[in-house]
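Listed here are the chains, written in short residue letters.
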Amino acid sequence: MAVGTSSGRHAHLSAREVETVPADVTALRHVDQLDDEAFDQFRGLVDGDTVNVQPAEEAPFEDGEVIVHTAYYRVTLR
Amino acid sequence: MTESYVIIGDGIAGGSAAKTLREESPDADITVITDEGEPLYNRILIKEYAKGKIPMEDPLFLHDEEWYEERDIALELNTHVTHIDPDGHVVHTHEGDDYEYDALLVATGGTPRQLPVDNSDADGVHHFWTFQDARGIADHAEESEKGIVVGAGLLGIDFAAICGARGIEANYLMRGDCWWRYALSEDGAGIIHDALRELDVEPVFQSGVDHFVTDDDGQVTGAVDPNGEEFEGEFVGVSIGLDFNTEFLRGSGIETDDGIVVDEFMETNVEDIYAAGDITRFYDVILEEHAQNGSWDSAKKQGAVAAKNMTAADGEAEEFRHVSSYSISHFKDLPFVSFGHPTIGDDDRERKYSDTEWRRLTFKNGKLIGGVLIGDLKLQSVFKRIIREERDLEGQKDLLLEEDFEMEMLEAPAQEQ
Ligand SMILES: Cc1cc2nc3c(=O)[nH]c(=O)nc-3n(C[C@H](O)[C@H](O)[C@H](O)COP(=O)(O)OP(=O)(O)OC[C@H]3O[C@@H](n4cnc5c(N)ncnc54)[C@H](O)[C@@H]3O)c2cc1C
């Protein structure tokens, strides 16, 4: 289930709830490892809010990264 | 002359200090000493490993041994520091090796405290701090049916969640009337109690442990509380606090006060010795008094600040100015965060918005200093910013309880008017 997306000039971020951590996961973080800005962005992605546009290199997430909160969310960066 | 830096502890405070030291001082000799057998891992995710939700270990390591080699940082695993000699600028270890330093960082954190009752070290009674602990907990939890959890705080609830995730029916023995009674009222804690019950973990109030009961093999089989009531359980999790790892500082002259006392620059009272992470009682520039944090973000930032100051030229010290937060993420659709200093202060406000939403805020001298949010975290960053900016909230505290509070609802700070 896709729960939120944000589009940008250089980056398109989305987060999807996943049941398990994929075996090939390259990055895995607990929500407490996010700084305030990244946390707000993550919350927005999860809630389906519109999140501000940003260049890909400034995205506070890696493509495929799993964030552990009250569920596990996989972030995709396109 | 090449500078030489020694870090004791390879948790997140020591690990982030090592990274920053190398960035700030490309040619220095850097040594990281740890008594654990593995390099820096993600301590705040090992609970998910213990729950069985993250079955693989690799993604939980933040640094592998190559990380240190690539940065020319010497990593000494399985090495326990027993003594430091500030006059000689030397660290002594149990293994018999000595390490000289120009500047030293102590980032040794704490060790879970045992209950001072009979059989508290029986087989099946778990304490939780290291990855090794997590492996033992995971193995035992997988084959257990009945559990007992002791310690009504942020770490105790991890054991409750492990029981829930592993299908262990458990009793959660608490001394008072509610979970985390230092930060939550019964209204707020009630939401957590309901969530625990949904995990098949039953909160038991006005309880605790008088002694544990064991079988002939020394395996725990239950606990008797001070009221004489017996609870069955072959899996027991105890989290009643930390004893800070300061024994090796005895005789060093370093000031301790349930932790190592440092200023806002992470410097101890002894020249060239710094401390960072859980172990510090640091001068909090926002609170204007010494305080303690027990959180990942704070330990990471303190490690980086200490490293910068260990390498900084005179007069260029960086201060630690930070509002930490600590989440509980065990309950589906029920987020929880505690931020700043929710257990102290001279005033507080709280409100319940629904059966799953609650907010409590603590104040000191008219300023927000901490709080707990349950159910809706949309204001987490806003409240942290208000704390950082030290906004004067005299006469406006209730505004912060408005369900849809926004920063703009506050009067502008005096200097901007
Ligand atoms: C199960 C669990 C869940 C947690 N969940 C969260 C969470 O959700 N959010 C959050 O913000 N925080 C959480 N925390 C707290 C967080 O992990 C700590 O605040 C943080 O890791 C502290 O880091 P540190 O580097 O100061 O200390 P530590 O990580 O404790 O590192 C200290 C290191 O020093 C070593 N050491 C000690 N004495 C010596 C010696 N004499 N010689 C050599 N080495 C020594 C220790 O073995 C250890 O490796 C959790 C902690 C645990 C255990």
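Residues numbered from 1 in each chain as written. Chains lettered and ligands numbered in written order. Predicted model: local features only at pLDDT ≥ 70, side-chain atom pairs only at ≥ 80, totals over all residues. Heavy atoms only, no water.

Caption draft 1: Main features of the overall build of chain B. Along its length, chain B carries eight helices and 26 strands. Rg of the C-alpha trace for chain B: 23 Å, near the compact-globule value of 22 Å for 417 residues, within the 12% margin. Dimensions of chain B along its principal axes, counting C-alpha atoms only, are 70 × 65 × 40 Å. Of all intrachain contacts in chain B linking residues separated by at least 6 positions in sequence, the fraction that spans at least 24 positions is 61%. Accessible surface, chain B as shown: approximately 17800 Å² in total, 39% of it carbon and sulfur. For chain B, the centre of its 34 positive side-chain charges and the centre of its 91 negative side-chain charges are spaced 8 Å apart. (Helix = DSSP H or I, 4+ residues; strand = E, 2+ residues; numbered from the N terminus. Rg over C-alpha atoms; globule rule 2.2 N^0.38 Å. Contact = heavy atoms within 4.5 Å. Areas by Shrake-Rupley, 256 points an atom, 1.4 Å probe, with all protein chains shown as cover. Lys, Arg positive; Asp, Glu negative; His and termini not counted. Charge placed at Lys NZ, Arg CZ, Asp CG, Glu CD.)

Caption draft 2: Representation of the packing of aromatic side chains within the structure. All names here are of chain B. Tallied over the full model, the rule gives 14 aromatic pairs over all chains. A ring pair is formed by phenylalanine 383 and phenylalanine 405, whose centres lie 5.9 Å apart and whose planes are at 20 degrees; its orientation type is stacked. Pair noted here: phenylalanine 383 is in helix H8 (residues 380-388) and phenylalanine 405 is in the segment after H8, with a separation of 22 residues, a long-range link. Considered together, phenylalanine 383 and phenylalanine 405 belong to a single accessibility category, that of buried residues. Chaining the aromatic ring pairs together yields one cluster made of Tyr41, Tyr49, Phe61 and Phe131. Above the plane of the ring of phenylalanine 131 lies arginine 135, whose end atom (NZ or CZ) is 4.2 Å from the centre. Its guanidinium or amino end placed over the ring of phenylalanine 363, lysine 397 lies 5.1 Å from that ring's centre, counting from NZ or CZ. (Phe/Tyr/Trp six-rings, centres within 6.5 Å; stacked < 30°, edge-to-face > 60°. Buried < 20%, exposed > 50% of the residue type's maximum accessible area, 1.4 Å probe, protein only. Lys NZ or Arg CZ within 6 Å of the ring centre and 35° of its normal.)

Caption draft 3: Here's a closer look at the sheet that holds strand E5 (residues 90-93) of chain B. All names here are of chain B. Across the sheet, which stays open at both edges, the three strands sit in the order E4-E5-E6 with antiparallel pairing between neighbours. Two strands lie at the open edges of the sheet, namely strand E4 (81-85) and strand E6 (98-100), each paired on one side alone. Here the strands of the sheet are splayed against their neighbours by 20 degrees on average, with no regard to which way each runs. Pairing of E4 with E5 involves four bridges; the strand directions are antiparallel. Across the sheet, residue aspartate 85 finds its bridge partner in E5, namely valine 90. (Pairing = 2+ DSSP bridges. Axes fitted to C-alpha atoms, helices over the stretch in contact; angles between N-to-C directions.)

Caption draft 4: Inspection of the side chain of Thr280(B) at higher detail. Looking at where Thr280(B) falls in the secondary structure, it is placed in strand E20 (residues 280-284). Of the residues examined, Thr280(B) reaches a relative accessible area of 0% and is grouped as buried.

Caption draft 5: Up close: the environment of Gly64(A). Residues and elements named next belong to chain A. Following the sequence through the fold, glycine 64 ends up in the loop between helix H1 (36-47) and strand E4 (66-68). Take glycine 64: its relative accessible area is 9%, and that puts it in the buried class. For the pair glycine 64 and arginine 74, spaced ten residues apart in sequence, the C-alpha separation works out to 5.9 Å.

Caption draft 6: Expanded view of the sheet that holds strand E23 (residues 336-340) of chain B. Residues and elements named next belong to chain B. Spatial strand order, E22-E23-E26-E25-E24: five strands in an open sheet with antiparallel pairing. One side of each edge strand has no neighbouring strand; the edge strands of this open sheet are strand E22 (325-328) and strand E24 (347-354). Sheet twist, expressed as the average angle between the axes of neighbouring strands with direction ignored, equals 15 degrees. Two strands pair when backbone bridges link them, and E22 and E23 are joined in this way by four bridges, in the antiparallel orientation.

Caption draft 7: Representation of unusual backbone geometry in the model. All names here are of chain B. Even without glycine at this site, asparagine 119 takes up a positive phi of about 65 degrees. Considering the arrangement of structural elements, one finds asparagine 119 in the loop between strand E8 (110-112) and strand E9 (125-126). Exposure remark for asparagine 119: the relative accessible area of 32% places this residue in the partly exposed category. Phi is positive for methionine 266, which is not a glycine, with a value near 70 degrees.

Caption draft 8: The nonpolar core, seen in detail. All names here are of chain B. One finds Ile84, Val91, Leu104 and Leu105 to be the most contacted residues of the largest nonpolar core, which totals 55 residues. Looking at which element gives the most residues to this core, the answer is helix H7 (residues 296-311), with six residues. Leave out the neighbours within four places in its chain, and valine 91 touches Val6, Ile8, Ile33, Val81, His83, Ile84, Asp97, Asp98, Tyr99, Tyr101 and Leu104. With 52 residues, the next largest nonpolar core counts Ile46, Leu196, Phe235 and Ile374 among its residues. (Core = buried A, V, L, I, M, F, W, Y, C linked by side-chain atoms within 4.5 Å.)

Caption draft 9: Examining the domain arrangement of chain B more closely. Residue and element names in this part refer to chain B. Once the domains are mapped, chain B shows domain 1 (4-36 + 43-111 + 243-311), domain 2 (114-238) and domain 3 (333-416). Put simply, the middle of domain 1 and the middle of domain 3, counted by C-alpha atoms, are 32 Å apart. At the junction of the two partners, domain 1 supplies ten residues and domain 3 supplies eight residues. Approximately 650 Å² of surface area, both sides summed, lies buried where domain 1 meets domain 3, with 54% of it carried by carbon and sulfur atoms. The largest per-residue losses of area from domain 1 upon contact with domain 3 belong to Ile286, Leu287 and Glu289, which jointly make up 71% of the total buried on that side. Linking domain 1 with domain 3 are one salt bridge. Applying the counting criterion to the domain 1 and domain 3 interface returns three residue pairs in polar contact (both at pLDDT 80 or more). In terms of residue class, the side of domain 1 that touches domain 3 is made up of four nonpolar, two polar and four charged. (Domains from an automatic or database assignment. Buried area = accessible area lost by both parts, 1.4 Å probe. Salt bridge = Lys/Arg side-chain N within 4 Å of Asp/Glu carboxyl O. Polar contact = N/O pair within 3.5 Å; in protein donor to acceptor, adjacent residues only side chain to side chain. Nonpolar A, V, L, I, M, F, W, Y, C, P; charged D, E, K, R; others polar.)

Caption draft 10: Region of interest: the interface of chain A and chain B. Contacts between the two partners involve 20 residues from chain A and, on the opposite side, 27 residues from chain B. Taken over both partners, the interface formed by chain A and chain B buries close to 2000 Å², and the fraction arising from carbon and sulfur atoms is 53%. Broken down residue by residue, the surface that chain A buries against chain B is led by Asp32(A), Asp36(A) and Thr70(A), which jointly contribute 30%. The salt bridge partner of Lys384(B) is Asp36(A), with a shortest N-O separation of 2.8 Å. Scanning the region where chain A abuts chain B turns up eight residue pairs in polar contact (both at pLDDT 80 or more). If one sorts the elements of the side of chain A that touches chain B by residue count, H1(A) sits on top with four residues. In terms of residue class, the side of chain A that touches chain B is built from ten nonpolar, four polar and six charged.

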